[in-house]
Amino acid sequence: QVQLVESGGGLVQAGGSLRLSCAASGNIFNINLMAWYRQAPGKQREMVATITGGGTTNCADSVKGRFNISRDNAKNTVYLQMNSLKPEDTAVYYCYAIVQRLDIMGSYQYWGQGTQVTVSS
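Rules and cut-offs
- Residues numbered from 1 in each chain as written.
- Predicted model: local features only at pLDDT ≥ 70, side-chain atom pairs only at ≥ 80, totals over all residues.
- Heavy atoms only, no water.
- Helix = DSSP H or I, 4+ residues; strand = E, 2+ residues; numbered from the N terminus.
- Contact = heavy atoms within 4.5 Å.
- Core = buried A, V, L, I, M, F, W, Y, C linked by side-chain atoms within 4.5 Å.
- Buried < 20%, exposed > 50% of the residue type's maximum accessible area, 1.4 Å probe, protein only.
- Salt bridge = Lys/Arg side-chain N within 4 Å of Asp/Glu carboxyl O.

(A) The environment of Phe 67, seen in detail. Here Phe 67 lies in strand β7 (residues 67–72). Measuring from C-alpha to C-alpha, the distance between Phe 67 and Ala 49 comes to 8.3 Å, with 18 residues separating the pair along the chain. Discounting chain neighbours no more than four positions away, the residues touching Phe 67 are Arg 38, Val 48, Cys 59, Leu 80, Gln 81, Met 82, Asn 83, Leu 85, Asp 89 and Tyr 93.

Written out as structure tokens, the structure is:
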């Protein structure tokens, strides 16, 4: 049992900011990577930002300079600070993690249930 729980979504005006959080819990030995994806209605799910256990980050071109991903390893939590939000950022945002478990060998991928971000004009 590994769970990812997102929070922080909501409704915001264009130009505003939101911070998303995702806390991982359960039978975790190590989290190799955490990431944020998003999916707008009628579109494919796309990567927004990733962060490795070593702190290396990567962001999609569409959000570079506006979004920042960070993590708190002690809390098994990843954050997505979203600034200068645009209506096209409206989507369900999903947390993703690649996890090494305590009880079984190997790496496993997990998804959160998603949190809605709506940016109004």
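What follows picks up the thread again.
(B) Quick look at the nonpolar core. One finds Met 34, Trp 36, Leu 80, Met 82 and Tyr 93 to be the most contacted residues of the largest nonpolar core, which totals 32 residues. When residues of this core are traced back to their parent elements, those giving at least two are β1 (2–7), β3 (18–26), β4 (28–39), β5 (46–52), β7, β8 (77–82), β9 (91–101) and β11 (115–120). Among the elements that make up this core, the one with the highest residue count is β9 (five residues).

(C) Layout of the pattern of salt bridges. For the structure on display, the rule yields five salt bridges. Across the pair Lys 64 and Asp 61 runs a salt bridge whose closest N-O atoms are separated by 3.3 Å. Classification of Asp 61 by relative accessible area gives exposed; the value is 66%. With a closest N to O distance of 2.7 Å, Arg 66 and Asp 89 form a salt bridge. Placement of Arg 66 in the loop between β6 (57–59) and β7 and of Asp 89 in the loop between β8 and β9 is noted, with a sequence separation of 23 residues between them. Each member of the pair, Arg 66 as well as Asp 89, carries the same accessibility label: buried. Counted as one network, the salt bridges with shared partners bring together Arg 38, Glu 46, Arg 66 and Asp 89.

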